[in-house]
Amino acid sequence: MPTAATTAPRRRHRALAAGWLATLLACASALVMVPTGPASAMAKIQCKQTTGTGYIDPIVHHDQAISSATTHLHQFFGNNAWLALGSYANRANYANLAGRGTNCLNTADTAGYWSPALRYTATGSVIPAVGFWAYYRAFDGSNNGPGMAFPADTRLVATVHNWTCGQFERQAPVPNIPDCHRADGRPGHTLTAHIDFPSCWNGVRPYHPSTQVGDTRDNRNYAYPVKGVCPAGFPYKMVQLRETIAYAYHGYGTDVQLSSDPMMGMTDGMSMHADFWNTWVQTGLVSMVANCVNGTGTRTKAQCG
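Reading the values: rules and limits
Numbering of residues starts from 1 in every chain and runs along the sequence as written. This being a predicted model, a pLDDT of at least 70 is required before a residue's local features are given, and a value of 80 or more before pairs of side-chain atoms are given or counted; all residues contribute to the totals for chains, interfaces and linings. Hydrogen atoms and water are omitted, and side-chain values are computed over all heavy atoms in the structure. By definition here, a salt bridge exists when the distance from a side-chain nitrogen of Lys or Arg to a carboxyl oxygen of Asp or Glu is within 4 Å. Burial classification: accessible surface area is computed with a 1.4 Å probe over protein chains only, and a residue below 20% of its type maximum counts as buried, one above 50% as exposed, and the rest as partly exposed. By nonpolar core we mean a set of buried residues, namely Ala, Val, Leu, Ile, Met, Phe, Trp, Tyr and Cys, connected to one another through side-chain atoms within 4.5 Å. Helical segments are the DSSP runs of H or I of at least four residues, strand segments are the runs of E of at least two, and each set is numbered from the N terminus. Pairs of residues are marked as contacts when any of their non-hydrogen atoms sit within 4.5 Å. Two strands are said to pair when DSSP picks up at least two bridges between them. Axis definition: a line fit to C-alpha positions, over the contact stretch in the case of helices; interaxial angles, taken between N-to-C directions, run 0 to 180 degrees. In this charge count, Lys and Arg are treated as positive and Asp and Glu as negative; neither His nor the chain ends contribute. Patch building starts from residues that exceed 30% relative accessible area and form no salt bridge, then joins like charges within 9 Å and nonpolar side chains (Val, Leu, Ile, Met, Phe, Trp, Tyr) within 5 Å. Accessible surface area values rest on a Shrake-Rupley calculation with a 1.4 Å probe, where residue burial reflects the displayed protein chains alone. Any cysteine sulfur atom paired with another within 2.5 Å is treated as part of a disulfide.

Things to note about the pattern of salt bridges
- Under the counting rule described, the total for this entry stands at six salt bridges.
- Two residues, Asp 153 and Arg 155, come together in a salt bridge whose shortest N-O distance is 3.2 Å. Each of the two residues, Asp 153 as well as Arg 155, counts as buried.
- A salt bridge links Arg 217 to Asp 215, with the nearest nitrogen and oxygen atoms 2.9 Å apart.
- Take Arg 217: its relative accessible area is 29%, and that puts it in the partly exposed class.
- Asp 215 sits in the partly exposed class, given a relative accessible area of 42%.
- Taken together, the shared-partner salt bridges connect Arg 137, Asp 196 and Arg 242 into one network.

Here it is as structure tokens:
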């Protein structure tokens with residue numbers, strides 16, 4: 001039979017063991033409760049409505065006299081200085097647009113975004129865009145990864161695109177306007193275009209003097225990643241911009257076309273493309289990329305959507 005002298009140490013040992021077990025469980029619980037989250041994410045910037053339409057192309061036909069015979073009708077989003085520029089819009093320079101107002105919810109996003117207008121083939125009537133979003137993501141299009149802010153005054157035209165009937169419809173992405181007659185036109189259930197911009201840069205900064213005439217795009221200094229890798233000569237991983245445009249259309253797709261289709265010898269929306277002119281408030285763009293894409297700062301709804 002154990003004596004009082006032998007049972008006291010055993011009790012102490014059991015108490016110590018219980019204490020250590022409680023400490024370990026508390027540490028494990030604390031470790032589990034620490035939020036990890038992604039190292040980075042993306043920004044989803046919504047612009048409320050189009051800023052207007054016009055037969056102008058300030059990037060490809062900069063400071064050139066053009067008309068419906070030489071270019072196609074564009075819908076403009078984001079920067080709303082176009083409305084005040086009037087006939088001068090095609091001659092606009094960076095100083096005319098940077099930080100000059102926007103209809104995007106992120107007020108620092110004063111970039112110029114535009115694309116060919118979607119029209120009814122029979123009448124030429126423009127089909128309104130009911131939603132526009134600029135997604136800024138990692139360079140490879142993922143929601144987790146590196147991406148640098150575009151230099152100020154960068155001018156790009158993107159041609160990589162697809163069409164759907166909205167994010168809540170089962171229509172797979174296709175290169176032509178799909179049959180969306182089963183969609184009902186509610187948000188996420190209407191014809192939608194998605195256009196991706198190149199995101200690998202060679203490091204040559206844009207140079208666009210006010211006297212520059214004609215094609216001013218910087219595409220020669222940019223490339224698309226291939227299988228998640230930037231090609232040789234384009235080592236800098238920029239953010240990938242995706243423009244998403246939802247239209248007030250949910251029909252069969254046979255009675256509509258882009259304004260650029262006939263001019264480019266195409267049909268069925270195959271000529272879809274989009275333009276981006278980086279006239280952001282540049283400090284706002286850099287901050288957005290750091291906070292919303294790279295995850296190195298504070299993520300807020302006002303900045304990241």
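Additional details are given in the paragraphs that follow.
As for the nonpolar core
- By size, the foremost hydrophobic cluster in this structure holds 46 residues, and its most contacted members are Tyr 113, Tyr 136, Phe 150, Tyr 247, Phe 276, Trp 280 and Met 288.
- Only β1 (43-47), β6 (129-137), β7 (155-158), β9 (192-196), β13 (240-247), β14 (256-258), β15 (274-277) and α5 (282-293) provide two or more residues apiece to this core.
- Sort the elements by how many residues they give to this core and α5 lands first, with five residues.
- Look past the residues within four positions of Trp 280 in its chain and what remains in contact with it is Ile 45, Tyr 94, Ala 98, Asn 106, Ala 108, Asp 109, Thr 110, Ala 111, Tyr 113, Tyr 136, Leu 285 and Met 288.
- The next biggest cluster of nonpolar side chains, apart from the first, holds 13 residues, and it includes Ile 56, Phe 76, Ala 81 and Trp 114.

Let's talk about the sheet that holds β15
- Read across the sheet, five strands follow the order β2-β3-β4-β15-β7 without closing on themselves; strand pairing throughout is antiparallel. If you trace the sheet from one side to the other, it starts and ends with β2 (52-54) and β7, each paired once. With direction set aside, neighbouring strand axes in the sheet form an average angle of 25°.
- Here four bridges tie β7 to β15, and the two strands are oriented antiparallel to one another. When the sheet's bridge partners are listed, Arg 155 is paired in β15 with Trp 277.

Some remarks on the pairing of β9
- Burial runs high along β9: five of the five residues are buried.
- Across the two faces of β9 the burial is the same, with Thr 192, His 194 and Asp 196 and Ala 193 and Ile 195 all buried.
- Pairing between strand β8 (residues 160-164) and β9: five bridges, direction antiparallel. Across the sheet, residue His 161 finds its bridge partner in β9, namely Ile 195.
- In terms of strand pairing, β9 meets β13 through five bridges, oriented antiparallel. What sits directly across from His 194, in β13, is Thr 244.

Overview of the side chain of Asp 218
- Mapped onto the fold, Asp 218 is located in the loop between β10 (200-201) and β11 (222-223).
- Arg 220 provides the closest opposite charge to the buried, salt-bridge-free Asp 218, at an N-O distance of 4.8 Å.
- Among residues more than four places away in sequence, those in contact with Asp 218 are Asp 153, Thr 154, Arg 155, Leu 156, Pro 206 and His 208.

Section: a nonpolar patch on the surface
- On the surface, Met 263, Met 264, Met 266 and Met 270 cluster together to form a nonpolar patch covering roughly 340 Å² of accessible area.
- Following the sequence through the fold, Met 266 ends up in the loop between α4 (260-263) and β15.
- Here Met 266 falls in the partly exposed class, since its relative accessible area comes to 34%.

Focus on the state of the cysteines
- A full pass over the atoms with the stated rule returns four disulfides.
- Put simply, Cys 47 and Cys 104 are joined by a disulfide, and their sulfur atoms are 2.0 Å apart. Taking the sign of the S-S torsion, 75° for the link of Cys 47 and Cys 104, the bridge is right-handed. Taken together, the positions of Cys 47 in strand β1 and Cys 104 in the loop between α3 (94-97) and β4 (112-116) put the pair 57 residues apart, joining distant regions of the chain.
- Since its relative accessible area comes to 1%, Cys 47 is described here as buried.
- A sulfur-sulfur distance of 2.1 Å marks the disulfide that ties Cys 165 to Cys 180. For the disulfide bridge between Cys 165 and Cys 180, the dihedral angle about the S-S bond is near -85°, and by the sign convention the bridge is left-handed.

Everything listed here is a matter of coordinates, which is why it stays silent on function.
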